[in-house]
Amino acid sequence: MGVCQAKKKKFNVTTCTITQPYDSSPDRLENSIKNTDKLADFGSAIEEDTTQGEQLQYGRHQVNRCITKSGVSQRYISVFDRLYQKTRRVPVLQDVKTCECHMNILRNLFRFSQLSNKSFIDAPKEYVHKLSATQSFPTIKPFRVIDLEGNVLEKKYDNIPPQTLNKIFDTMITVEEMDDILRQSQRLGRISFYMTSHGETATTVGAAAALDSNDLIFPQYREQGTFLWRGYTIEQIVNQCMGNCKDLGKGRQMPVHYGSKDLNIVTISSPLTTQVPQASGAGYGFRIAGDNRIAVTYFGEGAASEGDWHAAMNFAATLKSQTLFLCRNNHYAISTPTDDQFKGDSIAGKGPSYGIRTLKVDGNDVLAVYNAVKYARQQILQFKEPFLIEFITYRIGDHSTSDHSVLYRSQAEIDSWKSGNNPLTRFGLYLKKSGFREFDDEKDKQFRQRIKETVIAELKKATDELQPPIKDLFTDVYDKLTPNLEQQYDELKSHLNKYKQHYVLDKFQGGL
């Protein structure tokens, strides 16, 4: 049981006892409803002072559900409703516990407003009387705008501004050249690990171009094109791969684990599929807060074999999350061909089974990717429900620098995709035929060379930077170091002082 008490200017609200959230006792629920009537005047006190104290986000739809389902004091609820219209937040008074008590009442009432009261109704026409198993549904056909030669197949979707088209093309080239240099630097021992995105840049750059900068992205690990589009620099990419003191992650992550709060991109994490349920939760939060933004998550078709993926899809569908799921089906996951991963209509076929709007898209067609993502985002915000897109693409490079893909696929197969269905080649042909870009072999070589020189220069600078401070091994787990972490840090300093001749301590920022 919780107790709330408040005194505010001329308002004097008596002490009241209420139930805590998720208390399922009917008697206590009834007591909570009765107590809300006693608190009617407290609403006026809140309304008098809308600027003081901390603020809690409060969904208006929850209030309305309480009004219609629970018979709660109309005056009490309407105050919160008016405040939400004006500020979209519920103020907390000097006594923070007071607001927590009131929020508890509303949470409790909202929970009980969900009680089902559906009587059984027999519907004979919905039954069949002959055994016949269902094994498949009609296959979802991929959406395409330009063919392999760059010709437009549907004028309606030839709608991207020339400036945007050229920026997409430049970014795709930048990713390709940067990937080559950083892959080679791993082979030379300059960095420990890298993952290229050769063959998949249309899915990362094209999709990013169609999103709003306020949309929150949960990447997988092959979205460097998305990062570059949002404004993440080559310098930041290289510093992260080197793990030096300028790395935003303070050297704690593997290379290619980028992230930027300023750019609304959540940091990449190594465990497979963890980002997908997180995106479901973020999208749910955006819906209940009434935000005009969506959560976006990238994943490969291999990730869809994880249990987390199915849980994320079900959560998003039932909670009506404003989440866009983007699958890069590059045919091989880490090393397993799609035929050995799943049956049925690939990943897109699973979407409708969860009640989620779904598209299958030619992932090597930039115009198709861009238009599909634009369409999906509009649908999400219009219907307040999730959306799934499967991009059919192909991983030309190895899965990572720890992989040697010719052990499970032939070089001839790789070359056929590289020459016959390369997203950069197709997009370039489209730009040339449409007249949106003038191609000059010499200028193109110079542009690529400048990117290479930029990456090499950033590698040299990053190598000379100091490593993050030694203390960063212990910070950022808690707000303040706990006693046991303080003890461990002191023990480490004592050890390093005692045996400092065996360590190069001046390479760490701040030394010991």
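Every value quoted in this text rests on a predicted model; they were computed, and no experiment measured them.

Draft legend 1. Representation of the overall build of the protein. Scanning the protein from terminus to terminus reveals 17 helices and nine strands. For the protein, the proportion of its 512 residues judged to be buried stands at 48%. Taking as baseline every contact in the protein between residues at least 6 positions apart, the subset at least 24 positions apart corresponds to 74%.

Draft legend 2. Main features of the packing of helix 7 (residues 201–210) against helix 13 (residues 366–383). Packing of helix 7 against helix 13 leaves a shortest axis separation of 8 Å and a crossing angle of 45°. Between helix 7 and helix 13, the crossing angle belongs to the class labelled oblique. Like other packed secondary-structure pairs, helix 7 and helix 13 cross with a definite hand, here right-handed. Where helix 7 approaches helix 13, its residues Ala202, Thr203, Gly206, Ala207, Ala209 and Ala210 are matched on the opposing element by Val366, Val369, Tyr370, Val373, Lys374 and Arg377. A per-class count over the contact of helix 7 with helix 13 returns eight nonpolar, two polar and two charged.

Draft legend 3. Region of interest: the nonpolar core. Within the largest apolar cluster, 66 residues are counted, with the highest numbers of intra-cluster contacts made by Leu182, Tyr258, Leu324, Leu326, Val373, Ile389 and Phe427. Sort the elements by how many residues they give to this core and helix 13 lands first, with ten residues. In contact with Leu324, other than residues within four places in its own chain, are Leu211, Ile294, Ala295, Val296, Thr297, Val373, Ala376, Ile380, Phe387 and Ile389. One finds Val276, Ala316, Ala317 and Phe325 within the second-largest nonpolar core, a separate group that totals 15 residues.

Draft legend 4. Representation of empty space enclosed by the protein in the model. Using the criterion set out here, one finds two cavities of 30 Å³ or more in the structure. Volume-wise, the second largest cavity comes out at about 30 Å³. Around the second largest cavity sit Glu235, Asn239, Lys246, Glu458, Lys461, Ala462 and Glu465, which together line it. Secondary-structure elements contributing two or more residues to the lining of the second largest cavity are helix 9 (234–242) and helix 16 (441–464).

Draft legend 5. Local environment of unusual backbone geometry. Despite not being glycine, Thr273 shows a phi value in the positive range, around 80°. Its place among the elements puts Thr273 in the loop between helix 9 and helix 10 (275–289). Residue class for Thr273 comes out buried when judged on its relative accessible area of 1%. Here Asp476, not a glycine, exhibits a phi torsion of approximately 75°, which is positive. In this structure, Asp476 sits in the loop between helix 16 and helix 17 (483–498). Taking the relative accessible area as the measure of exposure, Asp476 reaches 48% and is therefore partly exposed.

Draft legend 6. Spatial organisation of the packing of aromatic side chains. Counted under the stated rule, the structure contains 15 aromatic pairs. When the centroid spacing of 6.2 Å and the interplanar angle of 10° are considered together, the rings of Phe427 and Tyr430 count as stacked. Of the two residues, Phe427 and Tyr430 are both situated in helix 15 (residues 423–434); the distance of three residues between them amounts to about one turn of the helix. Phe427 sits in the buried class, given a relative accessible area of 1%. The buried category is assigned to Tyr430, whose relative accessible area is 2%. Through pairs of rings, three or more aromatic residues link up here, namely Phe169, Phe427, Tyr430, Phe436 and Phe439.

Draft legend 7. Representation of helix 16 in the model. Compared with the 34 Å implied by 1.5 Å per residue over 24 residues, the 35 Å span of helix 16 between its first and last C-alpha is a close match. When helix 16 is considered as a whole, its buried residues turn out to be Ile451, Val455, Glu458, Leu459 and Ala462. Those residues of helix 16 that are buried lie in contact with helix 6 (162–187) and helix 9.

Draft legend 8. Quick peek at the environment of Ile173. Note on placement: Ile173 falls in helix 6. By relative accessible area, Ile173 is classed as buried at 5%. Here the alpha-carbon distance between Ile173 and Asp444, two residues 271 residues apart in the chain, equals 9.8 Å.

Draft legend 9. The arrangement of the sheet that holds strand 9 (residues 387–392) in detail. With parallel pairing, the five strands of this open sheet are ordered in space as 5-6-7-9-8. The open sheet terminates on both sides in strands that have one partner only, identified here as strand 5 (216–218) and strand 8 (357–362). Averaged over all adjacent pairs, the angle separating strand axes in this sheet is 20°, with direction ignored. Two strands pair when backbone bridges link them, and strand 7 (residues 323–329) and strand 9 are joined in this way by six bridges, in the parallel orientation. In the strand pairing of strand 9, Leu326 is matched with Ile389. Across the sheet, helix 7 is in contact with strand 6 (295–300), strand 7 and strand 9; its angle to strand 6 comes to roughly 175°.

Draft legend 10. The arrangement of the pairing of strand 6 in detail. In terms of residue burial, strand 6 counts as a mostly covered element, since six of its six residues are buried. Of the two faces of strand 6, the one lined by Ala295, Thr297 and Phe299 and the one lined by Val296, Tyr298 and Gly300 are each fully buried. Summarising the sheet, strand 5 and strand 6 pair through three bridges and their orientation is parallel. Bridging across to strand 6, Phe218 finds its partner in Thr297. As paired strands, strand 6 and strand 7 are joined by six bridges and run parallel to one another. Looking at the pairing, Tyr298 lines up with Leu326 of strand 7. Note that the unit made of strand 6, helix 11 (residues 307–319) and strand 7 has a crossover that is right-handed.

Draft legend 11. Seen up close, the layout of surface pockets. In this model, the largest pocket occupies a volume close to 520 Å³. Looking at the largest pocket, it is lined by 27 residues, and the ones nearest its centre are His198, Ile396, Gly397, Asp398 and Lys418. Elements supplying a minimum of two residues to the lining of the largest pocket: helix 6 and helix 14 (411–420). No other element matches the five residues that helix 6 contributes to the lining of the largest pocket. Taken together, the residues that form the lining of the largest pocket break down as seven nonpolar, twelve polar and eight charged.

The rules behind each value
Residues numbered from 1 in each chain as written. Predicted model: local features only at pLDDT ≥ 70, side-chain atom pairs only at ≥ 80, totals over all residues. Heavy atoms only, no water. Helix = DSSP H or I, 4+ residues; strand = E, 2+ residues; numbered from the N terminus. Buried < 20%, exposed > 50% of the residue type's maximum accessible area, 1.4 Å probe, protein only. Contact = heavy atoms within 4.5 Å. Axes fitted to C-alpha atoms, helices over the stretch in contact; angles between N-to-C directions. Parallel < 35°, antiparallel > 145°, perpendicular 65-115°, else oblique. Left-handed = near helix turned anticlockwise from the far one by under 90°. Nonpolar A, V, L, I, M, F, W, Y, C, P; charged D, E, K, R; others polar. Core = buried A, V, L, I, M, F, W, Y, C linked by side-chain atoms within 4.5 Å. 1 Å grid on protein atoms, 1.4 Å probe; cavity = no way out; pocket = protein on both sides within 12 Å on 5 of 7 lines; lining within 4 Å. Points joined across faces, edges and corners; volume = space filled by probe spheres on them. Phe/Tyr/Trp six-rings, centres within 6.5 Å; stacked < 30°, edge-to-face > 60°. Expected span 1.5 Å × (residues − 1). Pairing = 2+ DSSP bridges. Right-handed = clockwise from strand over helix to strand, strands pointing away.

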